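# An overview of the molecular structure
For reference, the chains in residue letters:
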Amino acid sequence: MIVAIDGPAGAGKSTIAERVGAALGFTYLNSGAIYRAVTWKALQLNQPDAEPQRIAAIAGELELTYQDGVLYVDGQRRDDALRGEAIDRYVSRHSAVQPVREMVNNRLRAIASRQDVIVEGRDIATVVFPDADVKIYLDASVEMRAQRRWEQQESDLTLDEIRRRIAERDELDRKKRTGSLKQAADALYLDTSVLTIDEVCETVIKTIRETQQYREQQRTYGR
Ligand code: DC
């Protein structure tokens, strides 16, 4: 079964997807982390400004494995490194390279063919899994998203700078030729500015449990 969650940076996708995945026993996949891994590698090679063709080649050579919902990049878990500021600066551009998108999409589809997944990103319900069993679009105001990032204290940036960067990244993500951020017509829209994390998780879990696919799996496997 496939649950697709899309939305802008800071809308709460990772937190929600991780919690719901744990509650229902679904593998959690963070597609943004794979794009970040490509940028991490380009930075390691000192080529973040390289031509799209070179970025595509770097993505092709990257050693990526997903094990028990954990992403290993070139053999190691690099969660903190993937959230760095330099990565934020380049990842939108790298994620607009078409062969990079194909590499990421193929990996996500291969993993989803073997297990129940909850996948988050920007184009999951529209491009990667247009036939997903459940589609959720998580949104929140720019102010709220900036506030959350600031409270996470991952950088020395002021609240205003964070807000400006989020707005810039939104703009880049929306303007991409393919894989741009869009709400699928059949996605459930949830505004996390006005809901608590618990409320959002409850709604998503309820939505999944009400699907025919989930009920059939329950009957068959007794999960
Ligand atoms: O969700 P995130 O901030 O970790 O995503 C990192 C970047 O990757 C961001 O600029 C948007 C891009 N991205 C994308 O283009 N498509 C996805 N499915 C997920 C992320």
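Residues numbered from 1 in each chain as written. Predicted model: local features only at pLDDT ≥ 70, side-chain atom pairs only at ≥ 80, totals over all residues. Heavy atoms only, no water.

Our next topic: the site of the ligand. Of all residues adjacent to the ligand, which total 15 residues, the nearest are Arg36, Arg101, Arg122, Asp123 and Lys176. At 3.3 Å from an oxygen atom of the ligand is found a side-chain nitrogen or oxygen belonging to Arg169. Measuring from an oxygen atom of the ligand, one finds a side-chain N or O atom of Lys176 at 2.8 Å. Starting from 440 Å² of accessible surface for the ligand in isolation, the protein chains cover 95%. Counting residues per element, the ones that place at least two in the shell around the ligand are α2 (31-44), α5 (85-94) and α9 (159-175). (Near = heavy atom within 4 Å. Polar contact = N/O pair within 3.5 Å; in protein donor to acceptor, adjacent residues only side chain to side chain. Areas by Shrake-Rupley, 256 points an atom, 1.4 Å probe, with all protein chains shown as cover. Helix = DSSP H or I, 4+ residues; strand = E, 2+ residues; numbered from the N terminus.)

Moving on, we come to the nonpolar core. The tendency in soluble globular proteins is for nonpolar side chains to be buried side by side. Ranked by internal contacts, the top residues of the largest apolar core, which has 39 residues, are Leu64, Val73, Leu82, Leu108 and Phe129. Secondary-structure elements contributing two or more residues to this core are β1 (2-6), α2, α3 (52-61), β4 (70-73), α5, α6 (98-112), β6 (117-121) and α7 (124-128). With seven residues, α2 is the largest single contributor of residues to this core. In terms of nonpolar packing, the next biggest core, distinct from the first, is built from 21 residues, Val3, Leu24, Ile205 and Ile208 among them. (Core = buried A, V, L, I, M, F, W, Y, C linked by side-chain atoms within 4.5 Å. Buried < 20%, exposed > 50% of the residue type's maximum accessible area, 1.4 Å probe, protein only.)

Glancing now at the sheet that holds β6. Read across the sheet, five strands follow the order β2-β6-β1-β7-β8 without closing on themselves; strand pairing throughout is parallel. Since the sheet does not close on itself, it has two edges, and those belong to β2 (27-30) and β8 (188-191), each with one partner. Averaged over neighbouring strand pairs, the angle between their axes works out to 20° when direction is ignored. Relative to β6, β2 is paired through four bridges, and the arrangement is parallel. Residue Asn30 lies in a different strand from β6, and its bridge partner there is Glu120. Across the sheet, α2 lies against β2 and β6, angled at about 45° from β2, the strand it touches most. Packed onto the sheet, helix α10 (residues 197-209) meets β1, β7 (134-139) and β8 and runs at close to 170° relative to β8. (Pairing = 2+ DSSP bridges. Axes fitted to C-alpha atoms, helices over the stretch in contact; angles between N-to-C directions. Contact = heavy atoms within 4.5 Å.)

In spatial order, the strands read β3-β4-β5; together these three strands make up an open sheet with antiparallel pairing. What marks the edges here is a single partner per strand, and that holds for β3 (64-67) and β5 (76-77). Pairing of β3 with β4 involves four bridges; the strand directions are antiparallel. Paired with Leu64 across the bridge in β4 is Val73. Each of β3 and β4 touches α2; the most contacted strand, β4, lies at about 15° to it.

So, about the packing of aromatic side chains. All chains considered together, the criterion is met by one aromatic pair. Taking the centre distance of 6.0 Å and the plane angle of 15° together, the rings of Tyr137 and Tyr189 count as stacked. With Tyr137 in strand β7 and Tyr189 in strand β8, the pair connects residues that are 52 residues apart, well separated along the chain. What makes Tyr137 buried here is its relative accessible area of 7%. The partly exposed category is assigned to Tyr189, whose relative accessible area is 40%. (Phe/Tyr/Trp six-rings, centres within 6.5 Å; stacked < 30°, edge-to-face > 60°.)

Orientation of α2 relative to α3, taken along the N-to-C sense of each, is 110°, at an axis distance of 9 Å. Comparing their axes, α3 and α2 come out roughly perpendicular. Here Val38, Lys41 and Ala42 of α2 lie close against α3, whose contacting residues are Ile55, Ile58 and Ala59. (Parallel < 35°, antiparallel > 145°, perpendicular 65-115°, else oblique.)

So, about unusual backbone geometry. The phi angle of most residues is negative, glycine excepted, and most peptide bonds adopt the trans form. Look at Asn46: it is not a glycine, yet its phi comes out positive at around 60°. Along the chain, the position of Asn46 falls in the loop between α2 and α3. Among the residues examined, Asn46 registers a relative accessible area of 68% and is labelled exposed. In this model, Asp74 sits at a positive phi of 50°, which is unusual for a non-glycine residue.

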